[in-house]
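Single-letter residue listing:
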Amino acid sequence: MDTPNYITLAGYTVLRTEYDQLLGEERPRIVDVVSWAAGNGDRSENGDYIYGRKRLREIDRRLGWLSRRMKAAKVIDPAAQVDRSRVYFGASVTLVDDDDHERTVTLVGDDEADAAHARIGWSAPLARALRGAAVGDTRRVTLPAGTRDYEVLAIRYPD
């Protein structure tokens, strides 16, 4: 992975918790089921064995992905941001668009993005356009629905 995986401590904790749960709990449980099923004889029609092997592959694939993401992770504390007058990682930004629709978004790591909670990933088009913006700046963003202009109304960082 060439670029660092910027992430908050809370986001890193979520990745680590999932990794530990898969490796320490779910994978050993599935290995036991597969071992038991393998001892029952004919594996070609043994649903527990077939499903267990498939689930082990899924778990191993997910563990590999989580491992790579955590290895590339660069944990950033938004509360430690020195320059709070500009938009950087972890900022909550209040925006207004051309139609006077106001919304607030928080720039977080790509692994933490959640549109339903207005948390946008650091590499999303809107986040890239907002980087370094100050209150009063207008930024043009090309989105799938078309090009929009957003004005920055406020910038907040957690305490």
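As a reminder, the structure under discussion sits directly above these lines.
Cut-offs and rules
Residues numbered from 1 in each chain as written. Predicted model: local features only at pLDDT ≥ 70, side-chain atom pairs only at ≥ 80, totals over all residues. Heavy atoms only, no water. Phe/Tyr/Trp six-rings, centres within 6.5 Å; stacked < 30°, edge-to-face > 60°. Helix = DSSP H or I, 4+ residues; strand = E, 2+ residues; numbered from the N terminus. Buried < 20%, exposed > 50% of the residue type's maximum accessible area, 1.4 Å probe, protein only. Lys NZ or Arg CZ within 6 Å of the ring centre and 35° of its normal. Salt bridge = Lys/Arg side-chain N within 4 Å of Asp/Glu carboxyl O. Expected span 1.5 Å × (residues − 1). Contact = heavy atoms within 4.5 Å. Polar contact = N/O pair within 3.5 Å; in protein donor to acceptor, adjacent residues only side chain to side chain.

Evaluated as defined, the whole model comprises three aromatic pairs. Geometrically, the ring pair formed by Tyr 6 and Phe 89 is tilted, given 6.3 Å between the ring centres and 45 degrees between the ring planes. On the criterion of sequence distance, the pair formed by Tyr 6 in strand β1 (residues 5-7) and Phe 89 in the loop between β2 (73-75) and β3 (92-97) is long-range, its members being 83 residues apart. A relative accessible area of 27% places Tyr 6 in the partly exposed class. When the ring of Tyr 6 is compared with that of Trp 122, the centres are 6.4 Å apart and the planes differ by 80 degrees; the resulting orientation is edge-to-face. Of the two residues, Tyr 6 sits in strand β1 while Trp 122 sits in the loop between β5 (119-121) and α3 (125-130), which places them 116 residues apart along the sequence. Trp 122 sits in the buried class, given a relative accessible area of 15%. Sitting over the face of the ring of Trp 122, Arg 131 holds its NZ or CZ atom 4.2 Å from the ring centroid.

Turning our attention to the pattern of salt bridges. All chains considered together, the criterion is met by 12 salt bridges. Arg 140 is the partner of Asp 149 in a salt bridge, and the nearest nitrogen-oxygen pair spans 2.9 Å. What you see here is one network of salt bridges that share partners, running through Glu 26, Lys 54, Arg 55 and Glu 58.

What follows is about helix α2 (residues 47-72). The end-to-end C-alpha distance of α2, which contains 26 residues, comes to 38 Å, matching closely the 38 Å that a straight helix rising 1.5 Å per residue would cover. Within the sequence span of α2, burial applies to Tyr 49, Gly 52, Arg 55, Leu 56, Ile 59, Leu 63, Leu 66, Arg 69, Met 70 and Ala 72. Contact partners of the buried residues in α2: β1, α1 (9-38) and β2. Capping of α2 at its N-terminal end is provided by Asn 46; its side-chain oxygen lies 3.2 Å from the backbone amide nitrogen of Asp 48.

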